Amino acid sequence: MKNLNYKISGFVFALFIINSSFLIPNCLCQWVQESNGMGDRHVSSLAFSGNNIFAGADNFNGVYLSTNDGTSWTQTSLNNRNVNALAVNGNNIFAGTFLNGIYLSTNNGTTWTQTSFGNLSVYSMAVNVNYIFAGSYGSGVYLSINNGTTWTQTSLNDKYVYSLAVNGSDIFAGVFSYGVYKSTNNGTTWTQTSLNNQTVYSLAVNGNNIFAGTGAAGLRLSTNNGTTWTQTFLNNQNVNALSVNGNNIFAGTSSFGVYVSNNNGASWTQRNEGLGNLSVDALCIVNNYIFAGTSGNSVYRRPLSDLIGIKPISSEVPQSFSLSQNYPNPFNPTTKIRFALPNSSFAKIVVYDALGRELEKIVSEQINAGTYEVEFDGSKLSSGVYFYKLVTSEFSETKKMILTK
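So, a few notes on the structure that sits alongside this text. Just so you know, these numbers come straight off a predicted model, no measurement behind them.

## Let's talk about the pairing of strand E25 (residues 248-253)
Among the six residues in E25, six count as buried, and that is most of the element. With burial as the criterion, each face of E25 is covered, one bearing Asn248, Phe250 and Gly252 and the other bearing Ile249, Ala251 and Thr253. Pairing between strand E24 (residues 239-245) and E25: six bridges, direction antiparallel. Paired with Val239 across the strands is Thr253, a residue of E25.

Shown next, in the form of structure tokens:
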């Protein structure tokens, strides 16, 4: 049984929840702890392969597996290691451990084999097609080109590498005290970027945008593939984890929970309903849910639609695709757009100016069948005529809206 206390206008209300999984289908407004089968672990890494979600735990608890969107967890046979990093490449699951190198499972965690990596501590991993990168504690970045059979130390060989990210053929490494290094040739050579004096705990790529989560310096952004970096408005937090979905950026912080940006990092909102100010060390988006690995409170789950502004209006399957007229129209500064999908589709809603120039993607993701509503904020735009377009692989429609200030 869980006891959740809520403080509203000076009054404290106690809510007793016997079975949180029972309430999930109707809960679109908060994070819910999903620790069934796991207990209160420190989850420092999350990854998924198909519908299988893997959680790496500290304190010699190894790797846990969920096959039902996090409702319950089972400890795998890798159950006596501190797992700091996870990576997936096809059917291969890699687990980077503290002082015991890297383990590999080829059967979704049923069995694990220690690779030839050696007994180093691994704090980060990333995959670029057949290139597997591992960031070590004090020995830089290692590379395997044969799915972990053998490993080679790259020329970045003397750093504490806390994070790795891939953008095409470019590899970014976040290191202790030395910022971000970049390789344009899959790790053969490395160059220190202009972000060179911070500890970078997390990295994420969104098109041409590279996000770097630092210690107390908050989140930095590069829009030119790492050449220069700017400070975002998330500027006073330790950013431990990052995840990207369309223009939506999620940041897990130390002692302040999760921050969300719906405009590619331009502004941020703390979204800790049900989570509180826990330390979040891992984030992962799977099957329209976002999962947060916390320090000592296992895994929390929340519907992605609750954080990205897409609200389900009806779960009934519509007969056809449709895009409704925004309302109100004219509007100032916000308006709502409703759309319907008869089947699960990758859908985009893009806003254009009168000259046809793309201004913002307000939806860009895989969405289940149903009817949805999303809000568009035009506060940064001037009065005028704008267009919004719904695009899927089977459907496309454009409508006009008018912003009046």
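## Side note on the environment of Asn59
Relative to the helices and strands, Asn59 is located in the loop between strand E5 (52-57) and strand E6 (62-66). Residues Asn59 and Asn208, 149 residues apart in the sequence, show an inter-C-alpha distance of 37 Å.

## Some points on the sheet that holds strand E21 (residues 209-214)
Spatially, four strands are ordered E20-E21-E22-E23 in an open sheet, and the strand pairing comes out antiparallel. Every interior strand has two partners, whereas the edge strands, strand E20 (200-206) and strand E23 (230-231), have only one.

## Observations concerning the packing of aromatic side chains
Within the structure shown, the criterion is met by 13 aromatic pairs. Plain terms: the ring middles of Tyr137 and Tyr160 are 4.5 Å apart, the flat faces sit at 75 degrees to each other, and that makes the pair edge-to-face. With Tyr137 in the loop between strand E13 (131-136) and strand E14 (141-144) and Tyr160 in the loop between strand E15 (152-153) and strand E16 (161-167), the pair connects residues that are 23 residues apart, well separated along the chain. For Tyr160, a relative accessible area of 35% gives the class partly exposed. With a centroid separation of 5.8 Å and 25 degrees between ring planes, the pair formed by Phe339 and Tyr372 is classed as stacked. Taken together, the residues span a long stretch of sequence, with Phe339 in strand E33 (residues 334-341) and Tyr372 in strand E36 (residues 370-377) at a distance of 33 residues. For the pair Phe339 and Tyr372, one class covers both residues: buried. Three or more aromatic residues joined by ring pairs make a cluster, and in this case those are Tyr123, Tyr137, Tyr160, Tyr162, Phe176 and Tyr201.

## Comments concerning the nonpolar core
In terms of nonpolar packing, the biggest core is built from 38 residues, with Phe250, Phe339 and Ile349 touching the most fellow members. Residues contacting Phe250, with those up to four places away along its chain left out, are Ala241, Leu242, Ser243, Asn245, Tyr259, Val260, Leu283, Ile285, Ile290, Leu304, Leu307 and Ile308.

## Examining the layout of surface pockets
Here the largest pocket is characterised by a volume of approximately 1300 Å³. Elements that contribute at least two residues to the lining of the largest pocket include exactly strand E4 (43-49), strand E8 (83-89), strand E12 (122-128), E16, E20, E24 and strand E28 (280-286). Grouping the amino acids of the lining of the largest pocket by side-chain chemistry returns 27 nonpolar, nine polar and two charged. In this structure, the second largest pocket encloses a volume near 1000 Å³. Taken together, 38 residues form the lining of the second largest pocket, with Asn262, Asn263, Glu360, Glu375 and Asp377 sitting closest to its centre. Only strand E26 (258-261), helix H2 (305-308), strand E31 (310-314), strand E35 (358-367) and E36 provide two or more residues apiece to the lining of the second largest pocket. The residue inventory of the lining of the second largest pocket, partitioned by class, reads 14 nonpolar, 14 polar and 10 charged.

## Here we look at the sheet that holds E8
Across a sheet, paired strands are connected by hydrogen bonds in the backbone, their directions being either parallel or antiparallel. The sheet built from four strands is open, its strands ordered E8-E9-E10-E11 with antiparallel pairing. Of all the strands in the sheet, the pair left with one neighbour each is E8 and strand E11 (113-114). Of the strand pairs in this sheet, strand E9 (residues 92-97) and strand E10 (residues 102-105) are connected by four bridges, and their pairing is antiparallel. Along E10, the bridge assignment pairs Ala95 with Tyr103.

Each value, and the rule that gives it
Residues numbered from 1 in each chain as written. Predicted model: local features only at pLDDT ≥ 70, side-chain atom pairs only at ≥ 80, totals over all residues. Heavy atoms only, no water. Buried < 20%, exposed > 50% of the residue type's maximum accessible area, 1.4 Å probe, protein only. Helix = DSSP H or I, 4+ residues; strand = E, 2+ residues; numbered from the N terminus. Pairing = 2+ DSSP bridges. Phe/Tyr/Trp six-rings, centres within 6.5 Å; stacked < 30°, edge-to-face > 60°. Core = buried A, V, L, I, M, F, W, Y, C linked by side-chain atoms within 4.5 Å. Contact = heavy atoms within 4.5 Å. 1 Å grid on protein atoms, 1.4 Å probe; cavity = no way out; pocket = protein on both sides within 12 Å on 5 of 7 lines; lining within 4 Å. Points joined across faces, edges and corners; volume = space filled by probe spheres on them. Nonpolar A, V, L, I, M, F, W, Y, C, P; charged D, E, K, R; others polar.

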